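What follows is the residue order along each chain.
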Amino acid sequence: MTIKVLLADDQALLRSAFRVLVDSEPDMEVVGEASDGAAAVELARAESPDVVLMDIRMPGTDGFAATRVICSDPELAHVRVVMLTTFEIDEYVVQSLRAGASGFLGKGAEPEELLAAIRIAAAGEALLSPVATKGLIATFLAQSDGADAASGGYQAERLAALTGREREVLVQVAGGHSNDEIGERLEVSPLTVKTHVNRAMAKLGARDRAQLVVIAYETGLVRPRVE
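Residues numbered from 1 in each chain as written. Predicted model: local features only at pLDDT ≥ 70, side-chain atom pairs only at ≥ 80, totals over all residues. Heavy atoms only, no water.

1. Observations concerning the packing of helix H1 (residues 12-23) against helix H5 (residues 111-122)
Line of reasoning, step 1. Here H1 crosses H5 at 70 degrees, and the two axes come no closer than 11 Å. Considering their axes alone, H1 and H5 lie roughly perpendicular with respect to each other. Seen from above, H1 lies across H5 with right-handed handedness. Contacts from Phe18, Leu21 and Val22 of H1 reach H5 at Pro111, Leu114, Leu115 and Ile118.
Line of reasoning, step 2. Across the contact of H1 with H5, the residue classes break down as seven nonpolar, no polar and no charged. (Axes fitted to C-alpha atoms, helices over the stretch in contact; angles between N-to-C directions. Helix = DSSP H or I, 4+ residues; strand = E, 2+ residues; numbered from the N terminus. Parallel < 35°, antiparallel > 145°, perpendicular 65-115°, else oblique. Left-handed = near helix turned anticlockwise from the far one by under 90°. Contact = heavy atoms within 4.5 Å. Nonpolar A, V, L, I, M, F, W, Y, C, P; charged D, E, K, R; others polar.)

Structural data, given as structure tokens:
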């Protein structure tokens, strides 16, 4: 099954490099290129890609705004967005995930990392590089103001719908562990873990694992550790 990829970046040279890389893989193909967020949204609706590689800084409609539109469109529920930027800035990580992105990757990543990111996102997994994950935690600590507390209170009520086991699995997902790793930790099969993850996503209205990570921190289910 071929993974359809949409490229959204205002640098033509970079888009060309990404196209050559993606099209060189037997299980991927580029179905469109956009130089700004508005065009990315239009192409997403027209081409129905599996994964969008979305630049953050673009003229006009930026990557955050375009991602919010794509991820809030029921007809594009299957589309996964991977945010790309030159700098893994803490604020960008949180904004990307809150916009609905499945992950975040620096443009300095190796070609193999980019291709792996596309496959991971297409499979519905969360993609957070080690640097981005640390940034996510640090930013949640820095943004613990009254507004977040109010949002967290609302989100915490949603956790009441989860079973005890689903909460345990959610904590492990927020820690960046795979289904196999969670299965070993909780002494259950990876398939059972996957079932719990899917049920948690359905109950919490999360698109994918990346959104579960956001909810776990926003509700206070997982507390960042200060080193």
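2. Observations concerning the pattern of salt bridges
Proximity of charged atoms lets side chains of opposite charge pair with each other.
Line of reasoning, step 1. For the structure on display, the rule yields eight salt bridges.
Line of reasoning, step 2. Taking the shortest distance from any N to any O, the salt bridge between glutamate 33 and arginine 19 comes out at 2.5 Å. Placement of glutamate 33 in strand S2 (residues 28-34) and of arginine 19 in helix H1 is noted, with a sequence separation of 14 residues between them.
Line of reasoning, step 3. Glutamate 33 sits in the partly exposed class, given a relative accessible area of 29%. (Salt bridge = Lys/Arg side-chain N within 4 Å of Asp/Glu carboxyl O. Buried < 20%, exposed > 50% of the residue type's maximum accessible area, 1.4 Å probe, protein only.)

3. Section: the pairing of strand S5 (residues 103-106)
Line of reasoning, step 1. Side-chain alternation along S5 places Gly103 and Leu105 on one buried face and Phe104 and Gly106 on a second face that is also buried.
Line of reasoning, step 2. Sheet topology note: the strand S4 (residues 80-85)/S5 ladder contains four bridges and is parallel. Each bridged residue has a counterpart across the sheet, and for methionine 83 the counterpart in S5 is phenylalanine 104. (Pairing = 2+ DSSP bridges.)

4. Quick word on the nonpolar core
Line of reasoning, step 1. Ranked by internal contacts, the top residues of the largest apolar core, which has 25 residues, are Met54, Ile70, Val81 and Met83.
Line of reasoning, step 2. Secondary-structure elements contributing two or more residues to this core are strand S1 (3-8), helix H2 (37-47), strand S3 (51-55), helix H3 (63-72), S4, helix H4 (90-99) and helix H11 (209-218).
Line of reasoning, step 3. Ignoring anything within four residues of it in the chain, the contact list for methionine 54 reads Ala8, Ala40, Gly63, Ala66, Thr67, Ile70, Val81, Val82, Met83 and Leu84.
Line of reasoning, step 4. Core analysis: the second largest hydrophobic core is formed by 20 residues, Leu162, Val173, Ala174 and Ala206 among them. (Core = buried A, V, L, I, M, F, W, Y, C linked by side-chain atoms within 4.5 Å.)

5. Overview of H3
Line of reasoning, step 1. Among the residues of H3, those classed as buried are Gly63, Phe64, Ala66, Thr67, Ile70 and Cys71. Burial along H3 is one-sided: seen end-on, the buried residues are contained in an arc of 160 degrees.
Line of reasoning, step 2. Where H3 begins, one side-chain oxygen reaches toward the backbone nitrogen of phenylalanine 64, 3.2 Å away; that side chain belongs to aspartate 62. (Arc of directions from axis to C-beta. Polar contact = N/O pair within 3.5 Å; in protein donor to acceptor, adjacent residues only side chain to side chain.)

6. Regarding helix H10 (residues 190-204)
Line of reasoning, step 1. In a regular helix each residue adds 1.5 Å, so 15 residues correspond to 21 Å; H10 covers 21 Å between its end C-alpha atoms and thus fits that length.
Line of reasoning, step 2. For H10, the full list of buried residues reads Val193, His196, Val197, Ala200, Met201 and Leu204. For H10, the buried positions fall inside an angular range of 135 degrees around the axis, keeping them on one side. Along H10, exposed side chains directed more than 90 degrees from the buried face belong to Leu191 and Ala202.
Line of reasoning, step 3. One or two residues past the end of H10 sits glycine 205, with phi positive at roughly 70 degrees. (Expected span 1.5 Å × (residues − 1).)

7. Considerations on the packing of helix H8 (residues 164-174) against H11
Line of reasoning, step 1. Look at H8 against H11: their axes get within 9 Å of each other, and the N-to-C directions meet at 105 degrees. Relative to H11, the element H8 lies roughly perpendicular. Contact residues: H8 offers Leu170, Val173 and Ala174, while H11 offers Arg209, Leu212, Val213, Ala216 and Tyr217.
Line of reasoning, step 2. Looking at the contact of H8 with H11 residue by residue, the class counts come to seven nonpolar, no polar and one charged.

8. Section: unusual backbone geometry
Line of reasoning, step 1. Phi is positive for serine 48, close to 50 degrees, though the residue is something other than glycine.
Line of reasoning, step 2. Following the sequence through the fold, serine 48 ends up in the loop between H2 and S3.
Line of reasoning, step 3. One non-glycine residue with positive phi stands out, namely glutamate 187, at about 60 degrees.
Line of reasoning, step 4. Residue position: glutamate 187 is located in the loop between helix H9 (179-186) and H10.
Line of reasoning, step 5. Look at glutamate 187 and you get exposed, because its relative accessible area is 72%.

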